[in-house]
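Structural features, examined
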Amino acid sequence: MAVTGAPRARKRGKRSSGFGLGVAMFLPAVVYVLLLVAVPFGMAFFYAFSDARIGSGGEHFVGFDNFASVLENPTFRKALGNSFIFTISSQVLVLIGSTALALALKDKFRGRGFVRFLILLPWVAPISLGAIGWKWILDSIYSVVNWVLIAVHLVKPFDKPMWLGQPSLAMISVIVVHTWRLLPFSTVILLAGLTAIPRDIPEAAAVDGAGFWRTLFEITLPMLRPILNVAMLFGIVFTFTDMIVVYVLTAGGPYDSTQVLPSLAFFTGIQGSDLAAGAAISLFLVPLLVIVALLMLRVAHRAEVT
Amino acid sequence: MAIVETRAVTKVFKAGTLGAVNDVDLRTEEGEFLVFLGPSGSGKTTLLRMIAGLEVPTSGEILIGGEVVNDLTPRERRIAMVFQSYALYPHLSVYKNIAFPLKAQAVPKDQHRKKVEWAAGLLGIGHLLERKPRELSGGERQRVAVARAIVREPSVFLLDEPLSNLDAKLRASARAELEQFHRRVGTTTIYVTHDQVEAMAMGDRVVVLHKGVVRQIGTPKQVYDDPADTFVATFLGSPPMNLLENGGLIVGFRPEHVVPVALAPSAALKLELKIHNVEYLGSEWIVYGKPEGDRAPDKMVISRLPTADLEIGTRHTFAVAEHHLRFFDKATEKRAPARALSWP
């Protein structure tokens, strides 16, 4: 009896110390989320229904006034539309680009490791650094792109495009740079998904008589769909909430043509000192992102390549 | 229907190492059921994949229907293949799985249903057409894979260990079904297996492969009764052929031919065995005996008898009739002409 009693006691001791360790390991994450996510989120709610401004104490509850005034603001409507254009266009480009890259990088070839490293670079390089590089590439005077276009006589030196200075070109530039930034992440996810497809399956399709495109659209992509969903939902969240590319490249200009909701919230709430309006703008994203987050959780459960 | 032929086909995966398939020459007959038999790593699957066009030969030629197909894609070879894993398309229903080759080969759409139902009917899976592969049992998946292969009436039918994922009972019935099926359809078929029972039971002829080299091509009876070398002799048959050294020769004889001396008084080979172990298998007994004297000190001679009443540890004399002895050269391990034994 004593023999059986001893291990039991030890087991109990182990469990309680394991519980303590679990709490200790879990705590930093909880504290982090509470302090840096939950508290600011709660404050944003609070401010959105108040008349808070930077530098003036004593807020009052103003109900939905902030939302009403924001909705009437043409800049806000413009930014809302831009957010959708920015997100949808860059996601379409990212999905097409990363699928092509993942397919190209799946098979072995000489120098594959190096190419994989190159493709990962935009993801690991500091975002602001990359964006500043792009700012130079697209600069109105020093643009390398223009220099090349002039050299091959595609544009005339006195009529070169102002990549960041013309509304539609600025939007395209912002979308392209953001696509460049998200491409590696999506590519890596899809590569993982592709390697999970048994080699027999595309081989069976080849024997059955399917060519490259039929295999791609009828076999590979449908089997990749759960993984594609994950990549897309992450991409949507990363894009909808991101303002760095816009901030560094165009600061929302020219004439708010590249203004998106996060950048507008920042300019209004922090730089324009109107905390209440900024908070109201940023909260507009919440219902949409909640839906995306729910979808993500559901998809993540099913994200297995069968 | 078509004849498949390989001429000096070699596949080397890593330069400087021994090839997975070396210098293989073979030729099927029209409508034949040819079995590639060998242990794992013998190159049988690689050879089949080269015929299918999934692997490019390092050298040599592959011909289907008299035409060199080395540079043709699998699609252009008009072959069908059943994979060991079945490789069903998991996101498509059984119907769409079977219809996929028709679609890919641009068969007019109005013929799809008729052909799919014909193939599904042949394999008795007509009631499963709306299911997804994950909702099927192993045996049902195997039939879907066969139906998908047969639906467009290929000229050659390749099967890569299609029964190895089934349990023993199902395997026996699926084997019989495949045999009947081949008899009915009559398509030239190449079948890869490591299971000698499958090879013997199904094959019109068997190609025995070892380390990428063809050791023997022959009917099941030929490879069993007249093995070309000691590898074939021991790979086929369970328990395998007994091999005893005798001067520059190796003498081989099947366990079922090792009988008590009373049954073969004028036998060429007499063996005094000390019984080491006896296994009762219901229909037969497997007797393991150690030869007395210095004839083959560490060898165990195996005998397969319909009845045996032998005590372990006792000594008995066994005999093998002359026409059951097979001789192999000790150095090359190849078959050697029969000759008189120098044993007492």
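Residues numbered from 1 in each chain as written. Chains lettered and ligands numbered in written order. Predicted model: local features only at pLDDT ≥ 70, side-chain atom pairs only at ≥ 80, totals over all residues.

1. What to know about the overall build of chain A
What counts, and what does not: The helix and strand labels rest on DSSP assignments: H or I over at least four residues marks a helix, E over at least two residues marks a strand, and numbering proceeds from the N terminus. For a compact globule the rule gives 2.2 Å times the number of residues to the power 0.38, and the radius of gyration it is set against comes from C-alpha atoms. Residue burial here comes from a neighbour count, namely the number of other C-beta atoms, placed from the backbone, that lie within 10 Å of the residue's own C-beta, with 20 or more meaning buried, 12 or fewer meaning exposed, and in between meaning partly exposed. Contacts here follow a simple rule: the backbone-placed C-beta atoms of the two residues must lie within 7 Å.
If you tally the helices and strands in chain A, you get 13 helices and 0 strands. Traced from its N-terminal end to its C-terminal end, chain A shows the element sequence α-α-α-α-α-α-α-α-α-α-α-α-α. Taking 306 residues into account, the globule formula puts the C-alpha radius of gyration at 19 Å, and chain A, at 25 Å, lies well above it. By principal-axis analysis of the C-alpha atoms, chain A measures approximately 95 × 70 × 30 Å. Taking all 306 residues of chain A together, the buried fraction comes to 31%. Counting only contacts in chain A whose residues sit at least 6 apart along the sequence, the fraction spanning at least 24 positions is 70%.

2. Concerning the overall build of chain B
Helix and strand counts for chain B come out as 8 helices and 19 strands. Reported as C-alpha extents along the three principal axes, the dimensions of chain B are approximately 75 × 45 × 30 Å. Burial statistics for chain B: of 344 residues in total, 40% are counted as buried. A sequence separation of at least 24 residues applies to 64% of the contacts in chain B between residues at least 6 apart.

3. Describing helix α5 (residues 127-137) of chain A
Residues and elements named next belong to chain A. Cut-off, in case you're wondering: Directions pointing from the helix axis toward each C-beta atom define the arc.
Listed in full, the buried residues belonging to α5 are G130, A131, W134 and K135. Mapping the buried residues of α5 onto a view down its axis gives an arc of 145°, with all of them on the same face. Facing away from the buried surface of α5 by more than 90 degrees, the exposed residues are L129 and W136. Those residues of α5 that are buried are in contact with α4 (112-124), α7 (167-195) and α10 (244-249).

4. A short note on the interface of chain B and chain A
Condition: The nonpolar class holds Ala, Val, Leu, Ile, Met, Phe, Trp, Tyr, Cys and Pro. Asp, Glu, Lys and Arg form the charged class, and all remaining residues, Gly among them, are polar.
With 18 residues of chain B at the contact, the number on the chain A side is 16 residues. Among the elements of the structure, β6 (79-82) and α2 (94-104) of chain B are those that each provide at least two residues to the side of chain B that touches chain A. Residue composition of the side of chain B that touches chain A, grouped by class: 13 nonpolar, 3 polar and 2 charged.

5. Structural notes on the pairing of strand β16 (residues 301-305) of chain B
Residues and elements named next belong to chain B. Let me state the cut-off plainly: Any two strands with at least two DSSP bridges between them are considered paired.
Burial analysis of β16 places 4 of its 5 residues in the buried class, which makes it a mostly covered element. As paired strands, strand β15 (residues 285-291) and β16 are joined by 5 bridges and run antiparallel to one another. Counted as the bridge partner of V287 is S303 from β16.

6. What to know about the nonpolar core
One recurring pattern in soluble globular proteins is that nonpolar side chains are buried together. We count it as follows: When buried Ala, Val, Leu, Ile, Met, Phe, Trp, Tyr and Cys residues are joined through C-beta atoms within 7 Å, the set is termed a nonpolar core.
Core analysis: the largest hydrophobic core is formed by 109 residues, its most contacted members being A147(B) and L158(B). Per-element tally for this core: the top contributor is helix α9 (residues 212-240) of chain A, with 9 residues. Residues contacting L158(B), with those up to four places away along its chain left out, are L48(B), I51(B), A52(B), I79(B), A80(B), M81(B) and I190(B). Grouped together as the second largest cluster of nonpolar side chains are 33 residues, A44(A), L261(A), L264(A) and A265(A) included.

7. Structural notes on α9(A)
Residue and element names in this part refer to chain A. How we decide: Multiplying one less than the number of residues by 1.5 Å gives the expected span of a helix. To get the bend at a residue, fit one axis to the 7 residues ending there and another to the 7 starting there, then take the angle between the axes.
The first and last C-alpha atoms of α9 sit only 34 Å apart over 29 residues, clearly below the 42 Å expected at 1.5 Å per residue. The axis of α9 is deflected most strongly, by about 60°, at R225, and proline P226 appears within four residues downstream. For α9, every residue scored as buried is listed here: I219, T220, M223, L224, I227, L228, V230, A231, M232, L233, G235 and T239.

8. Brief notes about the confidence of the model for chain B
What counts here: A residue's pLDDT is simply how confident the predictor is in it, with values from 0 to 100.
Mean pLDDT over chain B: 87, with 98% of residues reaching 70 or higher. Listed scores for the predicted complex are pTM 0.76 and ipTM 0.81.

9. Some points on unusual backbone geometry
Residue and element names in this part refer to chain B. Here the residue pair S238 and P239 is connected by a cis peptide bond, since its omega of -5° sits within 30 degrees of zero. Its location among the elements puts P239 in the loop between α8 (230-235) and β11 (242-246). Even without being glycine, A8 reaches a positive phi, approximately 50°. By secondary structure assignment, the location of A8 is in strand β1 (residues 4-11). Phi angles above zero are rare outside glycine, and A87 is one such case at about 50°. With respect to the helices, strands and loops of the structure, A87 is situated in the loop between β6 and α2. Of the residues examined, A87 has 25 C-beta atoms within 10 Å and is grouped as buried.

10. A few points about the sheet that holds strand β2 (residues 21-27) of chain B
Residue and element names in this part refer to chain B. Convention followed: Lines fitted to C-alpha atoms define the axes, with helix axes restricted to the stretch in contact, and inter-axis angles between N-to-C directions lie between 0 and 180 degrees.
Spatially, the 4 strands line up as an open sheet ordered β2-β1-β4-β5, and their pairing is antiparallel. This sheet does not close on itself; its edge strands, each paired only once, are β2 and β5 (67-68). Bridge analysis of strand β4 (residues 59-64) against β5 gives 2 bridges, and the strand direction is antiparallel. Bridged to I64 within β5 is E67. Running over the sheet, helix α1 (residues 44-52) touches β1, β2 and β4 and is turned about 120° from β1.

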